[in-house]
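Inside the fold
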Amino acid sequence: MLVMLMNEKKLMLALKEAKKAFNDDEIPVGCVIVKNNETIACGYNQRESKNNAILHAEIIAIDKACKKLKSWRLDDCIMYVTLKPCMMCMGAIVESRIKKVYYGTENNSEQMYDVEKLPKGLQLYNLNNRDCSKILSDFFKKKRKK
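Before going into details, it helps to say that this report is about the structure given with it.

Reading guide: rules and limits
Residues numbered from 1 in each chain as written. Predicted model: local features only at pLDDT ≥ 70, side-chain atom pairs only at ≥ 80, totals over all residues. Heavy atoms only, no water. Helix = DSSP H or I, 4+ residues; strand = E, 2+ residues; numbered from the N terminus. Rg over C-alpha atoms; globule rule 2.2 N^0.38 Å. Buried < 20%, exposed > 50% of the residue type's maximum accessible area, 1.4 Å probe, protein only. Contact = heavy atoms within 4.5 Å. Arc of directions from axis to C-beta. Core = buried A, V, L, I, M, F, W, Y, C linked by side-chain atoms within 4.5 Å. Axes fitted to C-alpha atoms, helices over the stretch in contact; angles between N-to-C directions. Parallel < 35°, antiparallel > 145°, perpendicular 65-115°, else oblique. Left-handed = near helix turned anticlockwise from the far one by under 90°. Nonpolar A, V, L, I, M, F, W, Y, C, P; charged D, E, K, R; others polar. Pairing = 2+ DSSP bridges.

Take the overall build of the chain next. Check the secondary structure of the chain and you find 5 helices and 5 strands. Relative to the compact-globule value of 15 Å for 146 residues, the chain shows a C-alpha radius of gyration of 14 Å, a close match. Overall, the C-alpha framework of the chain stretches about 45 × 35 × 30 Å when taken along its three principal axes. Within the chain, buried positions represent 43% of all 146 residues. In the chain, the share of contacts with a sequence separation of at least 24, taken over all contacts with a separation of at least 6, comes to 55%.

Okay, structure coming up:
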C-alpha cells in the first residue's frame, strides 16, 4: 500500500510536467526519474517548441539525471512517465540501465518494439491513471478543433 501511494505521488509529479507540455502546445507527456526515493530529474515533451524530434520527456529526464549523477549508468533509478514509452525512449531507457518504469497510460499508437524482447531485468508497470489518459485526450480534442 505504501509503495502504491509513493508510485502515485511520483506519477503526479510526472503529470505536473505533462501539464507544462500541454500549456506549451506539446503532446502532454511528463517524466520524472527517482533515485533512493528522491526525484533527481524531470522532463516534458519539447520537440515542437525546440524543433527537435528527439526531445521527448523521457530523453530530457534521462539527460538531466545523467548530468546530475555524472554517469550514464542509471542502474538504481526508477522512471515515472505519464505515457508508455515509444521505441526511441525505450532504447534510451535500456541503454541508461533503468530497471523499473511506471507509466500512467498505454500508448494507443502502434508500438514498434516487442515488449517480450526487452531485457529481462527491465520491469514495466502500467498504473492505469485516468488523469494521464485525460490530459492526452483533452489535448487531441483541442487540436482537432483548430
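In this section: helix H4 (residues 87-96). Cys 89, Met 90, Ala 92, Ile 93 and Ser 96 are the residues of H4 that are buried. One side of H4 carries all its buried residues, which in axial view fall inside an arc of 160°. Two residues or fewer after H4 comes Arg 97, characterised by a positive phi angle close to 70°.

Grouped together as the largest cluster of nonpolar side chains are 28 residues, with contacts concentrated most on Ile 33, Ile 62, Leu 74, Met 79, Ile 93 and Ile 98. Counting residues per element, the ones that place at least two in this core are strand S1 (30-35), strand S2 (38-44), helix H3 (57-69), strand S3 (77-83), H4 and strand S4 (100-105). Looking at which element gives the most residues to this core, the answer is H3, with 6 residues. For Ile 62, the residues in contact, after removing those within four places along its chain, are Ile 33, Leu 74, Met 79, Ala 92, Ile 93, Ser 96 and Ile 98. Counting residues in hydrophobic clusters, the runner-up holds 12 residues, among them Leu 11, Ala 14, Leu 15 and Tyr 102.

Bringing the packing of H3 against H4 into the picture now. With their axes 9 Å apart at the nearest point, H3 and H4 run at an angle of 25° to one another. Judged by the inter-axis angle, H3 sits roughly parallel to H4. The interaxial crossing formed by H3 with H4 has left-handed handedness. Residue-level inspection shows Glu 58, Ile 59 and Ile 62 of H3 in contact with H4, the latter providing Met 88, Cys 89, Ala 92, Ile 93 and Ser 96. Classifying every residue of the contact of H3 with H4 gives 6 nonpolar, 1 polar and 1 charged.

Take the sheet that holds S2 next. Taken together, 5 strands build an open sheet; the order of strands is S2-S1-S3-S4-S5 and the sheet is mixed. Whereas interior strands pair on both sides, the edge strands pair on one side only; in this sheet they are S2 and strand S5 (123-126). The average undirected angle you get between the axes of adjacent strands in this sheet is 20°. With 5 bridges connecting them, S3 and S4 associate as parallel partners. Within the sheet, the bridge partner assigned to Leu 83 lies in S4 and is Thr 105. In this fold helix H5 (residues 130-145) packs onto S3 and S4, with an angle of close to 55° to the strand it touches most, S4.

What follows is about the environment of Val 81. Looking at where Val 81 falls in the secondary structure, it is placed in strand S3. Sequence separation between Val 81 and Tyr 44 is 37 residues; the distance between their C-alpha atoms is 9.3 Å. Setting aside anything within four residues of it in sequence, one finds Val 81 in contact with Leu 11, Ala 14, Val 29, Gly 30, Cys 31, Glu 58, Val 101, Tyr 102, Tyr 103 and Gly 104.

A separate point is the side chain of Ser 96. Within the secondary structure, Ser 96 is located in helix H4. The buried category is assigned to Ser 96, whose relative accessible area is 4%. Apart from residues no more than four positions distant in its own chain, Ser 96 is found in contact with Ile 62, Trp 72, Arg 73, Leu 74 and Asp 75.

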